[in-house]
Amino acid sequence: MWTTATLRRAARLPVIGAPMFLTSGVDLVVAQCRAGIIGTFPALNARPQEELDRWLTRIEDGLARAEAETGRKPAPYGVNLIVHDSNPRLAEDLEVIAAHRVPLVITSLSQPGAVVERVHAYGGLVFHDVINVRHARKAAGAGVDGLILVCAGAGGHAGRLSPFALAAEVRQFFDGALALSGAISDGGAVAAAEAIGCDFAYVGTLFLAARESMASDAHKEMVVAGSAADVVYSPMFTGTHGNYLAASIAAAGIDPEEAAFARPRRMDFAQGASKPKAWKEIYGAGQGIGSIGEILPVGDIVERLDGERRAAIAALCAS
């Protein structure tokens, strides 16, 4: 039976590696857990559906090997489920997740009531993505164990609110776990998330350029070369606002400025022209990419986070 406290104690750092569509896979999750942070991936990355069971088995085997080799128990792992009714795999994926007793299930896009009931039945935890207080209240009412505050600057689908505003308002009515997302790319930002009352930092973009990431070489190179000014917030590609790399938008033949001012709608190319695919051709990334200067193994990234976090906390205590 997992609790927020046991989840936190099982990790070396209060960090969840965010599930990134098309780029988080078995190798990344195992490396993150082995390094001491909670590694996660979207269920939809395992394709076809039958592959999900194999991915979970490979992750569990990899973590067992890591424990045997090091004598230390790796951090737990999690799986992201899109609970919107447009996801035809939801029921099947949930049954596979339950069979493996996945410690953490992260739900997105719709209310997670049925998932909460199923996951709690085997002793797992459910955290839900939210971008505003209205969504947070609904998810809290559904009985989730934690809320992931997806704030301004987060990679992929992201909200507009400051983390200071959203965290303070949500804490007024929710006493479960809070994970903070939004341009967290160094250990000082992890410490800042803790300082404003969050239990975890939710870190995605920092691991896009990790050696173990499934991101393409072109995607990794754009992340390493980019800065916050190269991130465009647009609803053009999925109908929902998200943060994308301007260079990938331009490579698809679209003016990044046009994308930035687009109205929320799906793209509609006339005369059968091919439509750029979000995430595969239009690359997601958060505003924290300016802190990413090279492609590194996950272990090195986590070591750096740990050192920076400790230094930030020590500096605050000394001031």
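Quantities reported herein were computed from a predicted structural model and do not represent experimental measurements.

Participant: Residue-level account of the nonpolar core, with values.
Facilitator: If you look at the biggest cluster of nonpolar residues, it comprises 71 residues, and the most contacted ones within it are Tyr-77, Leu-147, Leu-149 and Phe-207. It is helix H2 (residues 26–35) that provides the largest number of residues to this core, a total of seven residues. When residues no more than four places from it in sequence are discounted, the contact partners of Leu-149 are Val-130, Leu-166, Ala-167, Val-170, Leu-178, Ala-179, Leu-180 and Ser-181. Judged by nonpolar contacts, the second largest core, of 18 residues, contains Leu-7, Ile-16, Ala-158 and Phe-200.

Participant: Account for the pattern of salt bridges, naming residues and giving values.
Facilitator: Scanning the model with the defined rule gives eleven salt bridges in all. Here Arg-12 and Asp-306 are joined by a salt bridge, their closest N and O atoms 2.9 Å apart. Highlighted residues: Arg-12 in the loop between helix H1 (4–9) and strand E1 (15–17) and Asp-306 in helix H12 (residues 298–318), separated in sequence by 294 residues. Residue Arg-12 is classed as partly exposed on the basis of its relative accessible area, which comes to 36%. Residue class for Asp-306 comes out buried when judged on its relative accessible area of 7%. Across the pair Arg-54 and Glu-51 runs a salt bridge whose closest N-O atoms are separated by 2.9 Å. Taken together, the positions of Arg-54 and Glu-51, both in helix H3 (residues 51–70) and three residues apart, correspond to about one turn of that helix. The class of Arg-54 is partly exposed, set by a relative accessible area of 43%.

Participant: Describe the confidence of the model for the protein chain, listing the residues and the values that go with them.
Facilitator: Overall, the prediction assigns the protein chain a mean pLDDT of 94, with 96% of residues at 70 or greater. Long-range and interchain partners of residues 266–274, a stretch whose pLDDT sits below 50, account for ten contacts in this model, where long-range means more than four residues apart.

Participant: I'd love a proper account of the environment of Lys-138, names of residues and values included.
Facilitator: With respect to the element layout, Lys-138 can be found in helix H6 (residues 133–141). Residue classification places Lys-138 among the partly exposed residues on the basis of a relative accessible area of 45%. Distance in space between the C-alpha atoms of Lys-138 and Gly-113 is 9.8 Å, their sequence separation being 25 residues.

Participant: Describe the sheet that holds strand E3 (residues 77–82), naming the residues involved and giving the relevant values.
Facilitator: Pairing is parallel in the closed barrel, where eight strands are placed in the order E1-E2-E3-E4-E5-E6-E8-E9. Within the sheet, the average angular offset between the axes of one strand and its neighbour, ignoring direction, is 25 degrees. Bridge count between E3 and strand E4 (residues 104–108): five bridges; the pairing is parallel. Looking across to E4, one finds that Asn-80 is bridged to Ile-106. Contacting E1, strand E2 (38–42) and E3, H2 crosses the sheet at an angle of about 165 degrees to E2. Across the sheet, H6 touches strand E5 (125–130) and strand E6 (146–150), and the angle it forms with E5 is around 160 degrees.

Analysis parameters
- Residues numbered from 1 in each chain as written.
- Predicted model: local features only at pLDDT ≥ 70, side-chain atom pairs only at ≥ 80, totals over all residues.
- Heavy atoms only, no water.
- Core = buried A, V, L, I, M, F, W, Y, C linked by side-chain atoms within 4.5 Å.
- Buried < 20%, exposed > 50% of the residue type's maximum accessible area, 1.4 Å probe, protein only.
- Helix = DSSP H or I, 4+ residues; strand = E, 2+ residues; numbered from the N terminus.
- Contact = heavy atoms within 4.5 Å.
- Salt bridge = Lys/Arg side-chain N within 4 Å of Asp/Glu carboxyl O.
- pLDDT = per-residue confidence, 0-100.
- Pairing = 2+ DSSP bridges.
- Axes fitted to C-alpha atoms, helices over the stretch in contact; angles between N-to-C directions.

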